[in-house]
Amino acid sequence: MGTRHNNFAPVLRLIAAVLSLSATASAIGVNYGTLGNNLPTPATVAKFLKTKTIIESVKLFNADPDILRAFAGSGLKVTVTIPNGLIPSLTKDDEARGWINDHIAPFYPKTKINRVLVGNEIMATLDDNLISNLVPAMKAVHRALVKAGIDDVQVTTAHAMGILKVSEPPSAGQFWPGHDVAVYAPMLQFLRETDAPFMVNPYSYFGYAPSIADYALFRPNRGVHDSHTNITYYNMFDAMMDAVYSAIKAMGYADVDIVVAETGWPSAGDPNQPACTVDNAISFNGNLLKAVTSGKGTPLMPNRKFETYIFSLFNENLKPGQSNERNWGLFRPDFSAVYDVGILKNKQSRPAPRPAPVANKQSRPAPRPAPVAGKKSWCVPKASASDQALQANINYVCSQKGMDCRPIQAGGPCFGPNNVRSHASFVMNSFYRLNGARPFNCDFAGTGVVANSDPSKCFIFFSSLGLFVNT
């Protein structure tokens, strides 16, 4: 019996984990930073999040008692972070118990603290003292929580993408040698034993280059092929997530959940930061929310949703560095939206707005217009576009949530003429119209162009969508 139990226990654990992961809710959270001298009080923040937004949880970069007190009774989940510098001392059980007694116990359970992060991006510090004490501190903090009678608060830490020596192709993801055995093996074992997630900060922004802008921003592109798996990736976020998964799987811990601790896109920057625009922030964060909540998952983690914390809640005017550092927020300090990608309640189905400049006045952005039936513009392939590029456009669009490509399939009303260019015209225009008929939604890596006359023979009106699609 003992041998049989040992043989089947890992299998049963993996099955249970897979079932749990497939059912995981895609909670949308936000990083709540406080580096500003004009930010609203924590109590008004808690009320705003609860009543006006779909945000279900916040992640703090500290354990601010005023915020923890203000969020009591709100029902919003709160993740707190222990400062990096405390990690060596918290390996001692009495120090860990003291920290929990001072910073968690006075507020729990009235404040729904669900997670304690032991430091932030510790591996990126290259500080051997912090790195070597990270996992022991995590274990000591967990023991302290149990000792205090708190058994439903997870302990973990958040990682930058620099933890990977190899991230391309995604299937070859690999931790840095040395750290894999000394740090990640015991950490992942601890996370498995305590049912806590591996948290990562996959910022496409930091991988941005003009040549791969569409790939970074979830816009139509030709994709990046992983020859090891024969999978083509159409956005950088999926590729980064799968690289992390591959590294974890290679260590034997594919059952450990992955949570997105931070990601986002700045809406403004200095003149030498042209990627920092409202349009780009809308494109990234809007498509990110669709990706993590759709249940589609990633190529290597299909049929999954991901708990995700957007960076960040507010524009913080005291953050040091270039202008982009002060423009990551979804909201301004007066709670007006920098832009909305469905975060505000009762506006989830509204296209994300664009800002309307008003002299000497801070105003809410005006929503971009919804597609209008009969509007005289169409997205069509350029004459110079190759069949290979157009097929990539078809593959990309038809993989997106909400896109219906049945009309170009055999028997569909737009199947004929049965050629790549005709089918690409249909899907490219569908994507263009469904996303607000904005010129950049017809770019398709330089293979699309907006036409002002009907180029098609197949002209179908989808009354339920309120738009025309054409081939």
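Residues numbered from 1 in each chain as written. Predicted model: local features only at pLDDT ≥ 70, side-chain atom pairs only at ≥ 80, totals over all residues. Heavy atoms only, no water.

The criterion, for reference: UniProt positions are given in the numbering used here, feature names are shortened, and annotations may be inferred rather than shown by experiment.
The name that an unreviewed UniProt entry assigns to the protein is glucan endo-1,3-beta-D-glucosidase, with the source organism given as Linum tenue. What UniProt states about the protein under its Sequence similarities (unreviewed entry) heading is, verbatim, "Belongs to the glycosyl hydrolase 17 family." Per its UniProt entry, the protein bears the Catalytic activity (unreviewed entry) comment "Hydrolysis of (1->3)-beta-D-glucosidic linkages in (1->3)-beta-D-glucans."

1. Considering unusual backbone geometry
Filter applied, for reference: Numbering goes from the N terminus for both helices and strands, where a helix is a DSSP run of H or I of at least four residues and a strand is a run of E of at least two. The cut-offs for exposure are 20% and 50% of the maximum accessible area for each residue type, with area from a 1.4 Å probe on protein chains only; residues under the lower value are buried, those over the upper are exposed, and the others partly exposed.
Residue Pro109 is reached from Tyr108 by a cis peptide bond, and omega for that bond is 5 degrees. In this fold, Pro109 is placed in the loop between α4 (93-103) and β4 (112-120). For the bond running from Phe311 to Ser312, omega is 5 degrees, close enough to zero to count as cis. Within the fold, Ser312 resides in the loop between β12 (308-310) and β13 (353-354). Here Phe335, not a glycine, exhibits a phi torsion of approximately 75 degrees, which is positive. If you trace the backbone, Phe335 turns up in the loop between β12 and β13. In this structure Phe335 comes out as buried when scored by relative accessible area, which is 16%.

2. With respect to the state of the cysteines
Filter applied, for reference: Counting rule for disulfides: a pair of cysteine sulfur atoms within 2.5 Å.
Taken as a whole, this structure holds 1 disulfide when the rule is applied. Residue pairing for Cys379: its cysteine sulfur links by disulfide to Cys442, the two sulfurs lying 2.1 Å apart. Where Cys379 bonds to Cys442 through sulfur, the torsion about that S-S bond is close to 90 degrees, and the disulfide is right-handed. With Cys379 in strand β15 (residues 378-381) and Cys442 in the loop between α11 (420-434) and β16 (448-451), this pair connects stretches of sequence that are 63 residues apart. One exposure class covers both Cys379 and Cys442, and it is buried.

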